[in-house]
Amino acid sequence: MERLIVYNIGTLATPIGSGPKGGAAMKAIKILNDAYLVIENGKFTEAGSGAGYKKYQGKKIDAQGRLVTPGLIDAHNHLIFAGSREHEFRKRLEGASYLDILAAGGGILETVEKTRAAGFDMLYDEAAETLEKMLLLGISVIEAKSGYGLDQDTELKQLKVIKQLKKNCPQHIIATYLGAHAIPSEYKQNRKGYIDIIKETMEVIKRESLAEFCDVFCEEGVFSYEESKEILVRAKELGFKIRIHADEMTNSGGARLAAELDCSFADHLLASVSEDFTAMAESDVVLVALPLTSFVLDKPFARIREMIACNGALALATDYNPGSCPSYNLHLVMQTAVIKTGMTPAEVLTAVTLNPAYGLGLVESKGSIETGKDADFIIFNCSNLDYFFYRLGENLVRDVYIRGINVVNNGRIV
Ligand code: NIG
Ligand code: FE
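Before going into details, it helps to say that this report is about the structure given with it.

Reading the values: the criteria
- Residues numbered from 1 in each chain as written.
- Chains lettered and ligands numbered in written order.
- Predicted model: local features only at pLDDT ≥ 70, side-chain atom pairs only at ≥ 80, totals over all residues.
- Heavy atoms only, no water.
- Phe/Tyr/Trp six-rings, centres within 6.5 Å; stacked < 30°, edge-to-face > 60°.
- Helix = DSSP H or I, 4+ residues; strand = E, 2+ residues; numbered from the N terminus.
- Buried < 20%, exposed > 50% of the residue type's maximum accessible area, 1.4 Å probe, protein only.
- Near = heavy atom within 4 Å.
- Polar contact = N/O pair within 3.5 Å; in protein donor to acceptor, adjacent residues only side chain to side chain.
- Nonpolar A, V, L, I, M, F, W, Y, C, P; charged D, E, K, R; others polar.
- Salt bridge = Lys/Arg side-chain N within 4 Å of Asp/Glu carboxyl O.
- Pairing = 2+ DSSP bridges.
- Axes fitted to C-alpha atoms, helices over the stretch in contact; angles between N-to-C directions.
- Contact = heavy atoms within 4.5 Å.
- Donors = N, O, S within 2.8 Å, 3.2 Å for Na, K, Ca; no water.

1. So, the packing of aromatic side chains
Part 1 of the argument: Inspection of every chain in the model, using the stated rule, returns 12 aromatic pairs.
Part 2 of the argument: Centroid distance Phe377 to Tyr401: 4.6 Å. Interplanar angle 5 degrees. Geometry classified as stacked. Within this pair, whereas Phe377 is found in strand β14 (residues 377-380), its partner Tyr401 is found in strand β15 (residues 397-402), the two being separated by 24 residues in sequence. Residues Phe377 and Tyr401 agree in their burial class; the two are buried.
Part 3 of the argument: Between the aromatic rings of Phe388 and Phe389, the centroid separation amounts to 5.0 Å while the plane-to-plane angle is 90 degrees, which identifies the pairing as edge-to-face. Residues Phe388 and Phe389 agree in their burial class; the two are buried.

The structure is reproduced here in structure tokens:
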């Protein structure tokens, strides 16, 4: 592969390091002006400023004074599902609650019915289309969950769709088994029986290497603290990395459990208390805030300043799903975090690059622009980071590179 030199970068903004950044360290990003990058064999070999690039031969790209950041990472995404739920959205606008809709057999369970009925190709095509749109936003790493099958066959179908997408799409995809997303209607009177199915399914998934992570929706009326613990302890024994949808609506012990079991991530955390944040920070759990879900459900935003004050390493993600967040737009997540939760642009950048890379186990190769890491980066149609946040809702991504390969050029997929 020919050497690539990107020069005349107006602002190069990136976090630095191979560990999570918690507390005050989240905002300590590196900003280089008049910068350049050198890329060989798909890796960064140098990031500097000034005229240092001139000594190199290779393909030269003039960034024309633009902003460059690492590729973005979406560490919480329910990518594979069938159908839509705008009628439920309408009901919620009229006052119905998310958990009441689920308890009445709607919500997640409605998507489960549609996903069971959907063919492999249909699920694949829809997800591939979403991934293309995410690529145009510069999202180069995505975590993708199952969780809309609940029965073994459909969960495996979802994970096999992810496996196929991994082969064909330029992004790096990490699969998560979320069989513990809801109790399926047929097991409503036999929760224990369903948990046994989850444990059996985990064994098949492990044997076939279909997922790296196991996730649980720990919530009142969904999976209790004890049930979540039983599932995640077994997942850990089988060699899965683990994470929890924790305390989204009520404090159900999810964040506490994440700290106890040293989860990679704990997500949502709206009803968690300050001691939970501290315990998770001490256990190296990456705290995930999902501001667009709060926005869609018209709930308070996660108390992100408090999380950071407790030394938490925070990630921001989309939570893309057909119910509580029908948007994969990580830019809007980032902008909402700045406007509504008091995060600074620098903290937000760390929360969509280095910290999620750490939680996903990819931090040696992803999450920052540094010598030796994969050359995943974005050239924006603006010259500084503040402008990106200020232009709410506009896609300023111009060019995207993944492992040194140009996958989006001037706003179009290559
Ligand atoms: O993270 N909270 C549980 N799961 C998703 C919602 C899934 C759905 O409504 O379909 C979430 O918000
Ligand atoms: Fe979720």
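2. Considering the site of ligand 1
Part 1 of the argument: Every one of the 15 residues lining ligand 1 counts as a neighbour, but Tyr98, Tyr148, His181, Glu248 and Ser324 are closest to it.
Part 2 of the argument: The separation between an oxygen atom of ligand 1 and a polar side-chain atom of Arg85 is 2.8 Å.
Part 3 of the argument: For the shell around ligand 1, the per-class residue count stands at 4 nonpolar, 8 polar and 3 charged.

3. Quick notes on the pattern of salt bridges
Part 1 of the argument: One pass over the structure, following the stated rule, counts 28 salt bridges.
Part 2 of the argument: Between Lys145 and Asp215 there is a salt bridge, with the nearest N and O atoms lying 2.8 Å from each other. With Lys145 in strand β7 (residues 139-145) and Asp215 in strand β9 (residues 213-218), the pair connects residues that are 70 residues apart, well separated along the chain. Asp215 shares its class with Lys145; the two are buried.
Part 3 of the argument: Across the pair Glu370 and Lys373 runs a salt bridge, and its minimum N-O distance is 3.9 Å.

4. What about the sheet that holds β7?
Part 1 of the argument: As summarised here, the arrangement of the 8 strands in space is β6-β7-β8-β9-β10-β11-β12-β13, forming an open sheet in which the pairing is parallel. Both outer strands of the open sheet, β6 (72-74) and β13 (313-316), are each paired with one neighbouring strand and no more. Here the strands of the sheet are splayed against their neighbours by 25 degrees on average, with no regard to which way each runs.
Part 2 of the argument: Pairing of strand β10 (residues 241-246) with strand β11 (residues 265-268) involves 4 bridges; the strand directions are parallel. Its bridge partner lying in β11, Arg243 is registered against Phe265.
Part 3 of the argument: Sitting on the sheet, helix α7 (residues 225-237) is in contact with β8 (172-180), β9 and β10, with an inclination near 175 degrees to β9.

5. Re the coordination of the iron ion (ligand 2)
Part 1 of the argument: In the first shell of the iron ion (ligand 2), the protein supplies His76 (NE2), His78 (NE2), His245 (NE2) and Asp319 (OD), at 2.1 to 2.2 Å from the metal.
Part 2 of the argument: Linear spacing of the donor residues for the iron ion (ligand 2) on their chain is H-x1-H-x166-H-x73-D. Within this pair, whereas His245 is found in strand β10, its partner Asp319 is found in the loop between β13 and α12 (330-341), the two being separated by 74 residues in sequence. Across the pair, Asp319 and His245 agree in class, each one buried.

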